[in-house]
Amino acid sequence: MSTTPSRLALLLVAFLATPAAADDIFLRDGREVLGVVIREESFSKVEYRRKSVTQKVDTNEILRIEYGRTSDEFKAGLAALASGDSLGAAHAFLDAAEDEDLDAHIRATAYAECGDALLASNNFTDAVGIFDELLTTFRDTRHYARALLGKGRGLFLNRQLTESVGVFKTLQQEVQAKGLGEHWGMEAEFALLWAEEAQGKKDVLERYLDLQGRARGSYPEVANQCALRIGRVYLANDDVDKALPLFEEIVDSRLSTEAAIVAGAFNGRGRCLFWQAQNDLAKAREASAKKDSRADTYREDALENFEQARLDFLRVQTVYRGVVREQPEALYWAAQAFLNVAAMDDTEEDAERWGKILLKRCSDAYPQSEWGSKAKAEL
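Worth saying up front: this structure is predicted, and the values here are computed from it rather than measured. (Residues numbered from 1 in each chain as written. Predicted model: local features only at pLDDT ≥ 70, side-chain atom pairs only at ≥ 80, totals over all residues. Heavy atoms only, no water.)

**Remarks on the pairing of strand β2 (residues 32-41)**
Two elements, strand β1 (residues 23-27) and β2, share three bridges in a ladder whose sense is antiparallel. Bridge pairing in β2 places Ile25 opposite Val33. Hairpin connection of β1 to β2: four residues between the antiparallel strands, including Gly30 at a positive phi of 95°. Here β2 pairs with strand β3 (residues 45-50) via four bridges, running antiparallel. For Ile38, the partnering residue across the bridge sits in β3 and is Tyr48. Between β2 and β3, which pair antiparallel and follow one another directly, the connecting turn spans three residues. (Pairing = 2+ DSSP bridges. Helix = DSSP H or I, 4+ residues; strand = E, 2+ residues; numbered from the N terminus.)

Given below as structure tokens:
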């Protein structure tokens, strides 16, 4: 049956009245610009249309953008990220980035997401290549600073320290030259501090603390990165009383914090609890030698701390499995926690078996890592 002219007119009216999928912009000051259509993005401005009126917002004011009009591949990338499949996300975002039917700003975002997902999955060389592709293909992208930072991180994590420092310094210079905003200046400052820490420089702790103080409030992501490194420095010096609160602060804010930072904080807190358990055991042995009645209490405290540490390490392996670089440490120390619990609690019948299983997994999956080598030596 043919459609009459009046019927066709009604269908067109209904189609035009149906709202198109809209984009949402979330700003750093908490404001939201919802239900818009983004027309163009650059490192300085994002242009959008709302109700036939075109407006602009400074890129450095933007926290994130959620796009309503993307592609199946882009959506698959988001779903893979949500499930902890970083490598799957990278493949899906790359497919989206190479789709020339998508708007340029969507493709650029897909490249940026792909690069970050590759970093999370320990594919550092590939990540550097993707960020280079983004910087070459979309020179004016909103993700310009993000791409420079991601490239520098990929080089740093791939142990190309000199090259990474060069990229971080370029980012620092571009922040000033292009007016990229205070946030990216702080990100560059943190990255250079981390590189100095890796070089064994001794004055980084004070500068981490200074940067954390300046970032707290306005740039919590930078403050949390500082807190993680400060906690690690304290932990390396066996100053657990100072390290533990820093890790716990990150864990408490985990719903609004980058997964890689949270995973690092859970590993850090687990290590603090494990250290406290060992300290409790030492107190128990000393008290027992003196026939002190507190020996049993110290043993109970030790067992509880081993059990709590075990939970933190297991959480990294389950909830944050997409953060691959944190997995070897989590596996090794979870194994140690299981083995210590087995030695202390006869009711934990499978604890020793699980400890050995996790050591084997660590050794087999991460043979080139520090923790994989330690696990192999203990099998």
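Next comes the rest of the write-up.
**Structural notes on the environment of Cys226**
When you line up the elements, Cys226 lands in helix α10 (residues 220-236). Residues Cys226 and Phe190 lie 36 residues apart in sequence; the distance between their C-alpha atoms is 7.2 Å.

**Here we look at the sheet that holds strand β4 (residues 53-58)**
With respect to topology, five strands assemble into an open sheet ordered β4-β3-β2-β1-β5, the strand pairing being antiparallel. The sheet terminates laterally at β4 and β5 (62-66), the two strands that pair on one side only. Direction aside, the axes of adjacent strands within the sheet are offset by 45° on average. (Axes fitted to C-alpha atoms, helices over the stretch in contact; angles between N-to-C directions.)

**What to know about the state of the cysteines**
Overall, the coordinates contain zero disulfides when judged by the stated rule. The closest cysteine sulfur to the non-disulfide-bonded Cys272 is located on Cys226, 18 Å from its own sulfur. Looking at Cys272, the relative accessible area reads 0%, which means it is buried. Of the cysteine sulfurs around Cys362, a residue in no disulfide, the closest is that of Cys272, at 20 Å. (Disulfide = S-S within 2.5 Å. Buried < 20%, exposed > 50% of the residue type's maximum accessible area, 1.4 Å probe, protein only.)

**Observations regarding the packing of aromatic side chains**
Under the counting rule described, the total for this entry stands at 13 aromatic pairs. Considering the side-chain rings of Phe190 and Tyr208, the 5.9 Å spacing of their centres and the 40° angle between planes classify their relative orientation as tilted. Of the two residues, Phe190 sits in helix α8 (residues 182-198) while Tyr208 sits in helix α9 (residues 204-215), which places them 18 residues apart along the sequence. Judged by centre distance (5.9 Å) and plane angle (65°), the rings of Trp333 and Trp371 are edge-to-face. (Phe/Tyr/Trp six-rings, centres within 6.5 Å; stacked < 30°, edge-to-face > 60°.)

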